[in-house]
Amino acid sequence: MTANNPKVILITGCSSGFGLLMSARLSSKGNQVIATMRNTNKKQALLDEAEKRGGINNVEIMQLDVTDIASIKKCIAQVITKYKKIDVLINNAGYGIVGFFEDLVQEEIRSQMETNFFGVQNVTREVIPFMRQNKSGKIINISSVSGFSSSPCFSAYSSSKWALEAFSESLRYELMPFGIQVLLIEPGTYNTDIFHSNAKYAKYYDNPNSPYYEKSQNLKLMVQNYVNKCKKNPEAIAILTEKLINAKNPAFRNIPDWESKILFILRKVLPFRLYSFLMTIALSKTTRTINK
Ligand SMILES: NC(=O)c1ccc[n+]([C@@H]2O[C@H](COP(=O)([O-])OP(=O)(O)OC[C@H]3O[C@@H](n4cnc5c(N)ncnc54)[C@H](OP(=O)(O)O)[C@@H]3O)[C@@H](O)[C@H]2O)c1
């Protein structure tokens, strides 16, 4: 099927997960997708998926590391030379470091911000001038349920996504007069490589001398159990992205799954004292289950 109005779409972090699925889906609908990844040796999974869906001729793979300004400039220059414009930027690349604050070292927290927050800014900064020239564009930032609700062990990841949300909200107002829309997708948990081969743990996570050791070990099991049982299809993020790209006036916040929608509403309507009380009960219940 061909998109009514095919777009030039640049996506970061396309070697796996949401980025791979978005690239395969959007290219199969006739859009020109620039699927970027920091290590292009990982391109085969995407090429196979794009081939399967009939979008292979509309996917171009380019090297881009969101923490490496030179690689970003080089990639964007190549895209502009070849395609003259970028209609949609999807800031998707990211990872999550898990660990209690005292088990994390500062370098780990800084690295988390470098990718999930400054990485988005690095790419966005290079793309905006071309969208301004065209007086149109969409910037879709992949945030998370952790962008509006924090839980223990995810402070570094949550901080990076909360910062991303604040940045996106400001940028939305700044770019509106130029015809550029900024929006967020806030997914809950989906079973992708972020929880497996790309999972990262704090330096002292597995240190038996850590005051958090038992809790950390329980949490690791809890998350793994939850993720392995998770039935939500990550393709939902690709479907939602397609819808947002085609919508004339998409919403700023876009929550794909009902669990996250409920959490968002509770967070908005409940006094924080009650919200955190309920969260504490939910978290301790899950930990008890694992202990059994
Ligand atoms: N899965 C979920 O439950 C979930 C929920 C909410 C939000 N999210 C967000 O969704 C986005 C995609 O995650 P995912 O679930 O699809 O995980 P994933 O399968 O691990 O994909 C993450 C992608 O980001 C790339 N990446 C990491 N650091 C990068 C860098 N410095 N430069 C360029 N690319 C980089 C990875 O590349 P490499 O292969 O080279 O590591 C990979 O392609 C992330 O922003 C994540 O925070 C995920």
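Residues numbered from 1 in each chain as written. Predicted model: local features only at pLDDT ≥ 70, side-chain atom pairs only at ≥ 80, totals over all residues.

Engineer: Would you take a moment to explain helix α4 (residues 106-134) for this structure?
Structural biologist: Compared with the 42 Å implied by 1.5 Å per residue over 29 residues, the 41 Å span of α4 between its first and last C-alpha is a close match. Inspection of α4 places Q112, T115, N116, G119, V120, N122, V123, T124, E126, V127 and M131 among the buried residues, and these make up the whole buried set. Buried positions along α4 lie against α3 (69-83), β4 (88-91), β5 (97-98), β6 (137-142), α5 (155-175) and β7 (180-185). In the stretch just after α4, K135 is the one whose phi turns positive, near 55°. (Helix = DSSP H or I, 4+ residues; strand = E, 2+ residues; numbered from the N terminus. Expected span 1.5 Å × (residues − 1). Buried ≥ 20, exposed ≤ 12 C-beta atoms within 10 Å, placed from the backbone. Contact = placed C-beta atoms within 7 Å.)

Engineer: So what exactly am I meant to see when it comes to the environment of T81 here?
Structural biologist: Positionally, T81 belongs in helix α3. As a C-alpha pair, T81 and E49 span 32 residues in sequence and 27 Å in three-dimensional space.

Engineer: Teacher, can you tell me more about the site of the ligand here?
Structural biologist: Neighbouring the ligand are 31 residues, the closest being G13, G17, A93, G94 and I194. For the shell around the ligand, the secondary-structure elements that each account for two or more residues are α1 (17-28) and α4. With three residues, the single largest contributor to the shell around the ligand is α1. Along the lines of polarity and charge, the residues of the shell around the ligand split into 10 nonpolar, 17 polar and four charged. (Near = placed C-beta within 6 Å. Nonpolar A, V, L, I, M, F, W, Y, C, P; charged D, E, K, R; others polar.)

Engineer: Looking at this structure, I do not really get the nonpolar core. What am I missing?
Structural biologist: Within soluble globular proteins, side chains that are nonpolar tend to cluster in buried spots. Grouped together as the largest cluster of nonpolar side chains are 46 residues, with contacts concentrated most on I9, I11, M22, A35 and L89. It is α1 that provides the largest number of residues to this core, a total of six residues. Residue contacts for I9: discarding those within four places in its chain leaves L26, N31, Q32, V33, I34, D87, V88 and I90. Residues I97, F154, A156 and Y157 belong to the second largest nonpolar core, which totals 11 residues. (Core = buried A, V, L, I, M, F, W, Y, C linked by C-beta atoms within 7 Å.)

Engineer: Hey, could you run me through the pairing of strand β2 (residues 32-37) in this one?
Structural biologist: Residues in a regular strand project their side chains so that they alternate between the two faces of the sheet. Across the six residues of β2, six count as buried, placing the element largely inside the fold. With burial as the criterion, each face of β2 is covered, one bearing Q32, I34 and T36 and the other bearing V33, A35 and M37. Where strand β1 (residues 8-11) meets β2, four bridges bridge the pair, whose relative direction is parallel. Note on β2: the bridge partner recorded for I9 is V33. Traced from β2 through helix α2 (residues 44-53) to strand β3 (residues 59-63), the parallel crossover comes out right-handed. (Pairing = 2+ DSSP bridges. Right-handed = clockwise from strand over helix to strand, strands pointing away.)

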